[in-house]
Amino acid sequence: MTKRILFFFPENPFSNRAGNTTRAKTTLTILKKLGYTIDLIGVDEVYKHLNDTTKIDKNIVDNLFLIKQKPPKIKTTADYWKYKISKFYEKPNPNNNSLTDFIKKEFKNIFKSKHYDIIIINYEFWTGLIDDSSMKNITKIIDTHDWITLNEFYKNKSLDIGKRFSEEIRNLEKFDNIITISEDEHLVFKRFLGEKVTNIPPSFPPHFEKNNLNKKYDLIFVGSENIFNIKSIQWFFDYVYPLLPKHINIIIIGRICKHVEKKENVELVEFSESLEEYYHLSKIAICPMLEGTGIKIKVIEALSYGLPVVGTERAIDGFSSKTLNGCLTANQPELFKDNILSLLQNELHYQNIKDQAEKYFKSSFSEENAMGKWEKILH
């Protein structure tokens, strides 16, 4: 009998908007290939805020359910008045205001409406969805995506780190299996939570092609408009771009374009259904990240096309190998520029780093690797 998974991810994983949605979509794809039936749960208010459609790939997901943070404003319903009264005594979750009693009830109702064998939650701050006795004896898995305490510290330097990290560990303890995507975070969580922590880095099918330097773009950057991407691309254009030869062609793709001024030889594409054509037209991917946690999915995606990556040291966070990985890193603008030019001006050097990128991708980020790890967890 086919086992059924209830998969919670607040956004639409088929939106092709950012690295986190790409991660969720590839996980769903792997689970489907392993033979599971999957129902997807998202958050109605999040879909509306992000202008996500309810379009899903029916070859991967059977059903999409959207749960709400609060009941409709119909004053004749018991749910409405219960929610209104609860606001006087219910303390909002300090780390996730969306995690209301009503949304927990919505999640529980969907869980109880069918027989599910496995629940998979994405992000630690949604752990409260499983705090119900009806889910006590079911297999529960969390995909962490990030070390949330560190992520929140970057955004708020006054954060009580000890208190937040203690809560993060307590939440993760509620799950039977804990998935990390970064080797760095895997090492941290395993110290506290032991063998139920498994590292499954993001995976992609390979899109390698024979080297062809006659391409339209010299540099490509793909990013959503999160605060870390904004700071990073602003640093690049403030400090690196002025050092580069004027003839270098750059393409920027994603909602990050809203935060980039039009410049000479810089093409902006705010949204694209597929990045494949753009990666094949590009020579080098850049990742000038200054802050942020977890592995950089944009870097792995570039490696899947055999593209050398020029980044800061943050670009290779979470990598099991800091060298011979297809990435050249430097935090100083002058050295960052030198790494770009060394690849553009030396074909043998370019091919060597490209070969490293393909080899490291095959050994660390292949879909076969990820499927094997998921299969081991689920059986």
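Above this text sits the structure in question.
Please read these numbers as outputs of a predicted model, since none were measured by experiment. (Residues numbered from 1 in each chain as written. Predicted model: local features only at pLDDT ≥ 70, side-chain atom pairs only at ≥ 80, totals over all residues. Heavy atoms only, no water.)

**Q** Can you tell me about the packing of helix α5 (residues 148–155) against helix α6 (residues 161–172), naming the residues and giving the values?
**A** Packed helices, taken two at a time, are described by their axes: the angle between them and the distance between them. Direction vectors running N to C along α5 and α6 enclose 150°, while the axes themselves pass 9 Å from each other. As summarised for this structure, α5 and α6 are arranged roughly antiparallel, according to the angle between their axes. Taken as a pair, α5 and α6 cross one another with a handedness that is right-handed. Along the contact surface, α5 presents I148, T149, E152 and F153, while α6 presents I161, R164, F165 and E168. Among the residues making up the contact of α5 with α6, the classes are represented as 4 nonpolar, 1 polar and 3 charged. (Axes fitted to C-alpha atoms, helices over the stretch in contact; angles between N-to-C directions. Helix = DSSP H or I, 4+ residues; strand = E, 2+ residues; numbered from the N terminus. Parallel < 35°, antiparallel > 145°, perpendicular 65-115°, else oblique. Left-handed = near helix turned anticlockwise from the far one by under 90°. Contact = heavy atoms within 4.5 Å. Nonpolar A, V, L, I, M, F, W, Y, C, P; charged D, E, K, R; others polar.)

**Q** Requested: an account of the sheet that holds strand β4 (residues 118–122), with residues and values cited.
**A** In spatial order, the strands read β3-β2-β1-β4-β5-β6-β7; together these 7 strands make up an open sheet with parallel pairing. Looking along the sheet, the strands with just one partner apiece sit at the ends: β3 (63–67) and β7 (197–199). Averaged over all pairs of adjacent strands, the angle between their axes in this sheet comes to 20°, without regard to strand direction. Two elements, strand β2 (residues 37–43) and β3, share 5 bridges in a ladder whose sense is parallel. Looking at β3, one finds that L40 is bridged to L64. (Pairing = 2+ DSSP bridges.)

**Q** Mind laying out unusual backbone geometry, listing which residues take part and the relevant values?
**A** For H145, which is not a glycine, the phi torsion comes out positive at approximately 65°. As for its position among the elements, H145 is in the loop between β5 (139–143) and α5. Residue H145 is classed as buried on the basis of its relative accessible area of 5%. With phi around 50°, L324 is a residue other than glycine that occupies positive phi space. Tracing the backbone shows L324 in the loop between β12 (309–311) and β13 (327–329). (Buried < 20%, exposed > 50% of the residue type's maximum accessible area, 1.4 Å probe, protein only.)

**Q** A description of the sheet that holds strand β9 (residues 250–253) should follow, citing residues and the corresponding values.
**A** Taken in spatial order, the 6 strands make up an open sheet running β10-β9-β8-β11-β12-β13, and their pairing is parallel. Two strands in the sheet have a free side with no partner beyond their single neighbour: β10 (266–269) and β13. Between one strand axis and the next, the sheet turns by 25° as a mean value, whatever way the strands run. In the sheet, strand β8 (residues 217–222) pairs with β9 via 4 bridges, with the strands oriented parallel.

**Q** An account of the pattern of salt bridges is requested, with residue identities and associated values reported.
**A** Across all of its chains, the model carries 25 salt bridges by this definition. One salt bridge in this structure joins R17 and E11, with 2.3 Å as the shortest N-O distance. Assigned by exposure class, R17 and E11 land together as buried. Here K258 makes a salt bridge to E225, at a shortest N to O gap of 3.4 Å. With a gap of 33 residues between them, K258 in the loop between β9 and β10 and E225 in the loop between β8 and α8 (227–240) connect regions that are remote in the sequence. (Salt bridge = Lys/Arg side-chain N within 4 Å of Asp/Glu carboxyl O.)

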